[in-house]
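What the coordinates show
Single-letter residue listing:
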Amino acid sequence: MSSRNIIKSDLLKLLPDFEESELPSELIALAETFVTQARQLFMNTSEVPAKNFVCSHIACDQMSTKLGLPELNIKHAPIPPAKYKALFKRIRSEATFRQVRDSGKSHAQTRRRIARDHAQEICSKFTTVPIAHILEILDRLVESYRTTDVRALVAAVYLLCLQASKRTKNISGSVQTSLMRDLGLSKSEIETELAYVREKSAGKDWFDFTTVKKLDLNGQPAKKKQRITQTRMMHAAIDFDNEKYRAEFQDWKSNMIQQLDEKITLLRGR
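Since we're looking at a predicted model, the values are computed, not measured.

**Some details on the side chain of Asn52**
- By the element assignment, Asn52 lies in helix H3 (residues 51-67).
- Under the relative-accessibility criterion, Asn52 is labelled buried at 11%.
- What Asn52 contacts, discounting residues up to four positions off in sequence, is Ser3, Ile6, Ile7, Asp10 and Val35.

See below:
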């Protein structure tokens, strides 16, 4: 079962009065975003089966007011209630788990963010293609985010970038297979998006690597690194004793102590 189908299944468990066709696309997209971000978190083997369910739960919580969702049913969580409650609380408060609040952002914007998350994930595993090029092309395809599977779109752009960078006639079958496995996609889904991207880029220089702009991981113009000289040794950017870093350290310390207390309480309750 693909990642998207698993998310839909979990959402239907949380919202038993909904049919699959009634699930809001915004809700599915937000849950996908959280699942992607949760891959960076450490989880015990016993917690992994509940990852998608927790992410879907958090997505429902955050979209509840906007979508007018009913009370959630968490009885079908795949791990015992006590463990699920602790995992839910930990993931929701995790500093690296970027929560997306109800902010009235359009569906296209949400899916655009998902596309960037997938692009970063792919480039972290397959570093052959500069992420700047992928992000630039994805920005040109932003209008398609409403009608296509974002994961397949990102995979297609990556494969075409890889083909262009290696100047080969055919797309790498082994890489395509790896992407299908990692993103939970079928060959037909990727082939459909490959055809779409080829159609959109026909006669254009999208895959000419000499036109790539220097962008950072967020798709913004990359800033030149400032040379550190002796006169700048106490600049806030490198002075770890300044007030800003002290405050950040205290926040981090408090968060870590809270997590340790929760784990100790959980272990004592076993």
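**So, the layout of surface pockets**
- Looking at the second largest pocket, its volume works out to about 270 Å³.
- Along the walls of the second largest pocket sit 14 residues, with Asn44, Glu47, Arg90, Lys263 and Leu266 positioned nearest its centre.
- Those elements that place two or more of their residues in the lining of the second largest pocket are helix H4 (81-93) and helix H10 (243-268).
- Within the lining of the second largest pocket, the residues separate by chemical class into six nonpolar, two polar and six charged.

**A closer look at helix H1 (residues 3-14)**
- Compared with the 16 Å implied by 1.5 Å per residue over twelve residues, the 17 Å span of H1 between its first and last C-alpha is a close match.
- Buried residues of H1: Ser3, Arg4, Ile7, Lys8, Asp10, Leu11 and Leu14, and no others. Seen end-on, H1 carries its buried residues on one side only, within an arc spanning 165°.

**Here we look at the side chain of Gln176**
- Within the secondary structure, Gln176 is located in helix H8 (residues 173-183).
- Look at Gln176 and you get buried, because its relative accessible area is 8%.
- Setting aside its immediate chain neighbours within four residues, Gln176 contacts Leu159, Ile171, Lys187, Ile190 and Glu191.

**Examining the environment of Gln62**
- Looking at the secondary structure, you find Gln62 in helix H3.
- In this structure Gln62 comes out as buried when scored by relative accessible area, which is 9%.
- Placed 32 residues apart in sequence, Gln62 and Leu30 show a C-alpha to C-alpha distance of 9.1 Å.

**Some words on the packing of aromatic side chains**
- The final tally for this structure, using the stated rule, is two aromatic pairs.
- Between Phe53 and Tyr84 the ring centres are 5.6 Å apart and the planes differ by 75°, which places this aromatic pair in the edge-to-face class. Here Tyr84 lies in helix H4 and Phe53 lies in helix H3, a separation of 31 residues in the sequence.
- Judged by its relative accessible area of 1%, Phe53 is buried.
- Judged by centre distance (6.3 Å) and plane angle (25°), the rings of Tyr84 and Phe88 are stacked. Taken together, the positions of Tyr84 and Phe88, both in helix H4 and four residues apart, correspond to about one turn of that helix. Of the two residues, Tyr84 and Phe88, both sit in the buried class.

**Some details on the packing of H1 against helix H2 (residues 25-38)**
- Relative to each other, H1 and H2 sit at 115°, their axes nearing to 10 Å. By crossing handedness, the relation of H1 to H2 is classed as right-handed. Contacts between H1 and H2 pair Ser3, Arg4, Ile7, Lys8 and Leu11 from the former with Leu27, Ile28, Ala31, Glu32 and Val35 from the latter.

**A short note on the environment of Ser93**
- Tracing the backbone through its elements, the reader meets Ser93 in helix H4.
- According to the relative accessible area criterion, Ser93 is partly exposed, its value standing at 35%.

**Here's the deal with the nonpolar core**
- Counting residues in hydrophobic clusters, the biggest one holds 35 residues, and the most contacted among them are Ile134, Leu138, Val157, Tyr158, Leu159 and Leu179.
- When contributions to this core are tallied by element, the ones reaching two or more residues are helix H5 (107-125), helix H6 (131-140), helix H7 (150-166), H8 and helix H9 (187-201).
- The biggest single contributor to this core is H7, with twelve residues.
- For Leu159, the residues in contact, after removing those within four places along its chain, are Ile171, Ser172, Val175, Gln176, Leu179, Ile190 and Leu194.
- Among the nonpolar cores identified, the runner-up in size contains 30 residues, and Leu30, Ala38, Cys60 and Ile91 belong to it.

**Comments concerning empty space enclosed by the protein**
- Counting across every chain of the model gives two cavities of 30 Å³ or more.
- The calculated volume of the second largest cavity comes to roughly 60 Å³.
- If you trace the second largest cavity, you find it lined by Ser3, Ile7, Glu32, Val35, Thr36, Arg39, His118, Arg151 and Leu183.
- A total of three residues in the lining of the second largest cavity trace back to one element, the largest contributor, which is H2.

**As for a nonpolar patch on the surface**
- A contiguous nonpolar patch, built from Phe249, Trp252 and Met256 and spanning about 320 Å² of accessible area, is present on the exposed surface.
- Inspection of the secondary structure puts Met256 in helix H10.
- Classification of Met256 as partly exposed rests on a relative accessible area of 32%.

Basis of the calculations
Per chain, the residues get numbers from 1 upward, laid out in the order the sequence is written. pLDDT decides what is reported in this predicted model: residues at 70 or higher carry local features, side-chain atom pairs at 80 or more are listed and counted, and totals for whole chains, interfaces and linings draw on all residues regardless. Note that water and hydrogens are dropped before the side-chain values are worked out from all heavy atoms of the structure. Secondary structure follows DSSP: runs of H or I at least 4 residues long count as helices, runs of E at least 2 residues long count as strands, and numbering of each begins at the N terminus. Accessibility here uses a 1.4 Å probe with only protein chains present; expressed as a share of the type maximum, an area under 20% marks a residue as buried, one over 50% as exposed, and anything in between as partly exposed. The contact criterion used throughout is that any non-hydrogen atoms of two residues lie within 4.5 Å. Two kinds of site are reported from a 1 Å grid over the protein atoms alone, namely cavities, where a 1.4 Å probe fits but cannot get out, and pockets, open sets with protein on both sides within 12 Å along at least five of seven lines, and residues are called lining when an atom falls within 4 Å of a point. Grid points are joined across faces, edges and corners, and a volume is the space filled by probe spheres set on the points. Throughout this entry, Asp, Glu, Lys and Arg are counted as charged residues, while Ala, Val, Leu, Ile, Met, Phe, Trp, Tyr, Cys and Pro are counted as nonpolar. The remaining residues, Gly among them, count as polar. In this analysis, the expected span of each helix is defined as 1.5 Å times one less than the number of residues it contains. The arc in question is traced by the directions running from the helix axis to the C-beta atoms. Put simply, two rings from Phe, Tyr or Trp (the six-membered ring, in Trp's case) pair if the centres are within 6.5 Å, and we call them stacked under 30 degrees between planes, edge-to-face over 60, tilted for the rest. Only the contacting stretch of a helix is used when fitting its axis, a line to C-alpha atoms as for every element, and angles between N-to-C directions run 0 to 180 degrees. Helix crossings get a hand from a simple test, with the near helix turned counterclockwise from the far one by less than a right angle marking a left-handed crossing and a clockwise turn marking a right-handed one. Buried residues of nine kinds, namely Ala, Val, Leu, Ile, Met, Phe, Trp, Tyr and Cys, make up a nonpolar core once their side-chain atoms join them within 4.5 Å. What makes a patch is a set of residues exposed beyond 30% relative accessible area and free of salt bridges, joined within 9 Å when like-charged and within 5 Å when nonpolar (Val, Leu, Ile, Met, Phe, Trp, Tyr). In this description, accessible areas are obtained by the Shrake-Rupley approach with a 1.4 Å probe, and a residue is regarded as covered only by the protein chains that are shown. Whenever a carboxyl oxygen of Asp or Glu lies within 4 Å of a side-chain nitrogen of Lys or Arg, that contact is scored as a salt bridge.

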